[in-house]
Amino acid sequence: MCQLNAAPNARKKDALLEKKSLSSSSTSRNISASASTNKSQDLSKPKYHPTQSQHAILHTLSLVWFALCTSLVVKHHDMVIVFYSFVGSFLTTMATTAATAATAASSGKEGQGPMDIWTHVVYGIPFSSHQKSCNGRNKSIVGIIFCILSFLHLRVDMIQQQYGHYNNNKKGAEFHALANMAGFLAFDLWYDQVCCRQYPPRVLCILGDALTLSVFSVLLSKWDDWDMGSNGMVVRPLLVVWLGYKMVRFGLDILQRHKQSIAICDCPNNDDYRDNRGMEDAKTVSRGVSEQLLWTIHGKDYDLSDFVERHPGGKEAILLGRGRDCTALYESYHPFTNRHRNILKKYAAVTSVDAGSKTTSTTTESDSPPKDEFYEILKERVTKTLMEHGMDPNLHRAATLGRTIYYFVISSLLCLSGMYHVKGNPFGSFLFAVFGWLVGCLGHDAGHFAASRIPFLNDAGVWGISFLCNPIMWQHQHTFAHHSHTNDFDHDPDLHHFEVLLRVHRKFKQKDIYKYQKNVFYVIGAYALVVFGECIKIPLGMMKTGFLYDMVEYTDRKRPLRALGMYVHYVSYLGLIVLSPFFSGKSWMTALSCAVIHIATAGWLFALFSQINHLNEYSIDIQRGETNPRLLNESWAARQVATSNNFATKSLFWHVFSNGLNMQIEHHLFPGLNHCHLHLIQPTVQRTCEEFGVHYKSFETWSEVMTATLNWLDKLSDAKE
């Protein structure tokens, strides 16, 4: 399964042994914490030298770009703005470099000024890795500046048209914005190759930028022939989305270059290492991923690689557990069958991993995982209950016909209200947020592989959560981490979303700002930012670091389509929710209000129906509750009940409007069961909990559970707590 280096050093072996020790020691609790990823690096690699063919490809592409732009500017005088943009990009980059050097000098550090760059280019002196990182960072800063200028140019033109001040230039604002960015792209490709390029080169990025520049050049040269000026309503939104995408890419590049620059400055004074840090980082990541191709179940590592494509629940479901302790996923998504155990017996557990090889052992009866007696009896009773209602829990666990129709109706209303949001209608933005919340039930069900028994439909349906959270991040944050380690401070990321504004756990150190959470209006204000965090702030950090709060690894980052999905959602959300109202022809205030109304409304709905289900005193401090202490230590299912809350379980209205979250206990015990079936098993679950002495917290109304949350926040606002 996993191919390691031919000569792993002692640190890597120690880290691997530590991982296995952590995993094995956690089996007494059934669900163990994921071991930390080994990040040690081998610095003894030989220096990388780009081949002559790579040099030839890069220089050939550079010449082609220059020839293309020069010929078009000479032939089409209206495109002289491309030349001005190229020169302006260069001068702005030099100014940024000078400012950066001055800042470094004021801090007592060595900086690189414009003349240093000129000397390197003219005399052919190679740049060090640190210099390349600084050059690339400055170039990306200028890229953001030019994107903003192009965006403002489009916006000013729209305002002028709104007030009847039409631009006499027949080319239009779209032409000038496009020419502006074409000039910067030409500069970007030249400057990046000369002053910033790390080896090995990112050929796909080069080709992508070259293709974009080519398309822009063709559009500009054929602008009049194709009458592009009259198609502004088509060109403008596409250009805005592309500008948003480029700004995100530039922002991520700035963060990455800054991180590399700091790391290189802190490394030993080794020229070979400093010149090839970018390549070594890539190889280190590759080795780290190769070490994490195992599935850890009940403290044992398994190689299930050849079962991925044959997994009945789809490959995304099984890949979610790769490289992790996925015991919770393994148990909770197969509650009504033993087929998963029979299949696992066919795969020998990996007992040790050596250089380029692995040793396996056959699972024996004595190696069987510890039984969760409470969960086993609960599964038997729930199976019997479902069958009494005419359901086969394996065949009929997904959405019913009525639920499917509901998905369709809500999705249609979402599209209809979205049209009014794009047109700059504030009430339309409010409805767009409400229906975005309601269609989240599809994303939630599909994210738990419960919308359909057809894996492809679940993979597509999880994007229904897009108006509340990044759907790719959702599977790592929610489906895996939150459901596996509910309210575990060190492993549940949901406890850490509000750390800046709210203290939701005693382990957070007291801050002055936490005293304001006594006030209900302060809490409501903080909740308004939930979706902003889930769709904009948190995904950006995850894409940058590859981790969520340093506790959940973004294991999909090496899968191109999944990684692309993170970026696609990020750019699409910014374009549709934030930017689109500004191109509706309405005033700035109206457009801004539309974006704010949507984000705040979605945030309130999300927080007021999800956070309250886990954040109160007896759900956080479960040892103070009424649950049998022995069960808390031995039973994962008992901890799921103890950390969750129900409310208004008999109300159809609250069940629909809360997207089924009013039965959170049943959902956490059986996440693969569609929400439309939870009301059938609720009485059975409650009776079994009472019989085993597990604290089953069910509030009569929504206001009661909300009050419990506010009381907990009030209590934690006290510095003594």
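Further up the page is the structure itself.
Residues numbered from 1 in each chain as written. Predicted model: local features only at pLDDT ≥ 70, side-chain atom pairs only at ≥ 80, totals over all residues. Heavy atoms only, no water.

**Some points on the overall build of the protein chain**
What counts here: Note on conventions: DSSP H or I runs of at least 4 residues are helices, E runs of at least 2 residues are strands, and numbering of each starts at the N terminus. The buried label applies to any residue whose accessible area, calculated with a 1.4 Å probe on protein chains only, is under 20% of its type's maximum; exposed applies above 50%, and partly exposed to all values in between. Any pair of residues with heavy atoms lying within 4.5 Å of one another is described as a contacting pair. To be clear on the numbers: accessible area is Shrake-Rupley with a 1.4 Å probe, and residue cover counts the displayed protein chains and nothing else.
Helix and strand counts for the protein chain come out as 30 helices and eight strands. Every one of the 721 residues in the protein chain was classed for burial, and the buried ones make up 52%. For the protein chain, long-range pairs separated by at least 24 residues make up 74% of all intrachain contacts whose partners lie at least 6 apart in sequence. If you sum the accessible surface of the protein chain, you get close to 32,800 Å²; carbon and sulfur atoms cover 62% of it.

**Notes on the packing of helix H20 (residues 520-527) against helix H30 (residues 702-716)**
Inclusion rule: Axis lines are fitted to C-alpha atoms, over the contacting stretch for helices. Their N-to-C directions set the angle, which ranges from 0 to 180 degrees. Oblique is the label for every angle not falling under 35 degrees (roughly parallel), over 145 degrees (roughly antiparallel), or within 65 to 115 degrees (roughly perpendicular). Under this grouping Gly is polar, as are all residues other than the nonpolar Ala, Val, Leu, Ile, Met, Phe, Trp, Tyr, Cys and Pro and the charged Asp, Glu, Lys and Arg.
Relative orientation of the contacting elements H20 and H30 amounts to 105°, with a least axis distance of 11 Å. Between H20 and H30, the crossing angle belongs to the class labelled roughly perpendicular. Residues Val520, Val523 and Tyr527 of H20 touch H30, and the partners they reach there are Met706, Thr709, Leu710 and Leu713. Across the contact of H20 with H30, the residue classes tally to six nonpolar, one polar and no charged.

**Observations regarding the packing of helix H17 (residues 440-447) against helix H19 (residues 471-484)**
Across the interface, H17 lies against H19 with an axial gap of 10 Å and an inter-helix angle of 70°. Looking at the two axes, H17 sits roughly perpendicular to H19. Across the interface between the two elements, Gly443, His444 and Gly447 from H17 touch Trp474, Gln475, His478 and Thr479 from H19. Grouping the constituent residues of the contact of H17 with H19 by class yields one nonpolar, six polar and no charged.

**Some thoughts on H30**
Selection criterion: To estimate how far a helix should reach, multiply one less than its number of residues by 1.5 Å. In this description, the arc belongs to the directions extending from the helix axis to the C-beta atoms.
Spanning 15 residues, H30 covers 22 Å between terminal C-alpha atoms, matching the ideal 21 Å at 1.5 Å per step. Within H30 the residues assigned to the buried category are Val705, Met706, Ala708, Thr709, Trp712, Leu713 and Leu716. One side of H30 carries all its buried residues, which in axial view fall inside an arc of 155°. For H30, the secondary structure elements touched by its buried residues are H20, helix H23 (588-610), helix H24 (617-620), strand S7 (646-647) and strand S8 (698-699).

**A look at helix H14 (residues 373-388)**
Relative to the 22 Å expected for 16 residues at 1.5 Å per residue, H14 spans 23 Å between its end C-alpha atoms, a close match to the ideal helical length. Inspection of H14 places Phe374, Tyr375, Leu378, Lys379, Val382, Thr383, Thr385 and Leu386 among the buried residues, and these make up the whole buried set. Seen along its axis, H14 keeps its buried residues to an arc of 165°; they face one direction. Summarising the geometry of H14, the exposed residues directed more than 90 degrees from the buried face are Glu373, Glu380, Lys384, Met387 and Glu388. On its buried face, H14 sits against helix H12 (327-332), helix H13 (339-344), helix H25 (629-634), helix H26 (636-642), helix H28 (664-669) and helix H29 (678-692). Glycine 390 occupies a position one or two residues after H14 and carries a positive phi of about 80°.

**Focus on the packing of aromatic side chains**
For clarity, the threshold we go by: A pair of aromatic rings is counted whenever rings of Phe, Tyr or Trp (Trp by its six-membered ring) have centres within 6.5 Å, and the orientation is called stacked for planes under 30 degrees apart, edge-to-face for over 60 and tilted otherwise. Two conditions define a charge located above a ring, namely a distance within 6 Å from the ring centre to NZ of Lys or CZ of Arg, and an angle within 35 degrees of the ring normal.
By the definition in use, this model includes 31 aromatic pairs. Seen from their ring centres, tryptophan 437 and phenylalanine 609 are 5.8 Å apart, and the 15° between their planes marks the pair as stacked. Taken together, the positions of tryptophan 437 in helix H16 (residues 426-438) and phenylalanine 609 in helix H23 put the pair 172 residues apart, joining distant regions of the chain. Looking at tryptophan 437, the relative accessible area reads 2%, which means it is buried. Phenylalanine 609 gets classed as buried once you look at its relative accessible area, which sits at 5%. In this structure, arginine 324 packs its charged tip against the face of phenylalanine 480, placed 4.4 Å from the ring centre.

**Concerning the nonpolar core**
Heads up, the condition is: The nonpolar core is taken to be a set of buried Ala, Val, Leu, Ile, Met, Phe, Trp, Tyr and Cys residues, with the residues joined through side-chain atoms within 4.5 Å.
The biggest cluster of nonpolar side chains holds 91 residues, and the ones touching the most others in it are Trp437 and Tyr527. Counting 42 residues, the second-largest nonpolar core is a separate cluster that includes Met158, Ala182, Val235 and Leu579.

**Focus: the side chain of histidine 448**
Let me state the cut-off plainly: Polar contacts, as counted here, are pairs of nitrogen or oxygen atoms within 3.5 Å of one another; within protein the pair requires one atom able to donate a hydrogen and one able to accept it, and residues that are adjacent in sequence qualify only if both atoms are side-chain atoms.
Take histidine 448: it is sitting in the loop between H17 and helix H18 (455-461). Overall, histidine 448 belongs to the buried group, its relative accessible area being 0%. Within polar-contact distance, the side chain of histidine 448 engages the side chain of tyrosine 333 at 2.6 Å. When sequence neighbours within four positions are dropped, the list of residues in contact with histidine 448 reads Tyr333, His478, Thr479, His483, His667, Pro671 and Gly672.

**Structural notes on the side chain of histidine 478**
Inspection of the secondary structure assignment puts histidine 478 in helix H19. For histidine 478, a relative accessible area of 7% gives the class buried. Within polar-contact distance, the side chain of histidine 478 engages the side chain of histidine 444 at 3.2 Å. Sequence-distant contacts of histidine 478, that is, excluding residues within four places in its chain, are made with His444, His448, Met473, His483 and His667.

**Points about unusual backbone geometry**
Phi is positive for tyrosine 549, which is not a glycine, with a value near 55°. With respect to the secondary-structure elements, tyrosine 549 resides in the loop between strand S5 (547-548) and strand S6 (552-553). Even without a glycine there, the phi angle at asparagine 659 is positive, about 60°. With respect to the element layout, asparagine 659 can be found in the loop between helix H27 (652-657) and H28.

**Thoughts on the state of the cysteines**
Note the threshold: The criterion for a disulfide is a pair of cysteine sulfur atoms lying within 2.5 Å.
This model, assessed by the stated rule, comprises zero disulfides. Not part of a disulfide, cysteine 469 finds its nearest cysteine sulfur in cysteine 535, a span of 6.1 Å. The thiol sulfur of cysteine 676 is not disulfide-bonded, and the nearest other cysteine sulfur, from cysteine 441, lies at 10.0 Å. Cysteine 676 gets classed as buried once you look at its relative accessible area, which sits at 16%.

**Re the environment of alanine 637**
With respect to the helices and strands, the residue alanine 637 is situated in helix H26. Sequence separation of alanine 637 and phenylalanine 670 is 33 residues, and the distance between their C-alpha atoms is 9.7 Å. Apart from the residues lying within four places of it in its own chain, the contact partners of alanine 637 are Asp372, Phe374, Tyr375 and Leu669.

**Structural notes on the environment of lysine 379**
Mapping lysine 379 onto the fold places it in helix H14. Discounting chain neighbours no more than four positions away, the residues touching lysine 379 are Glu331, Pro335, Arg341 and Phe670. Separated by 3.1 Å, the side chains of lysine 379 and glutamate 376 make a polar contact.

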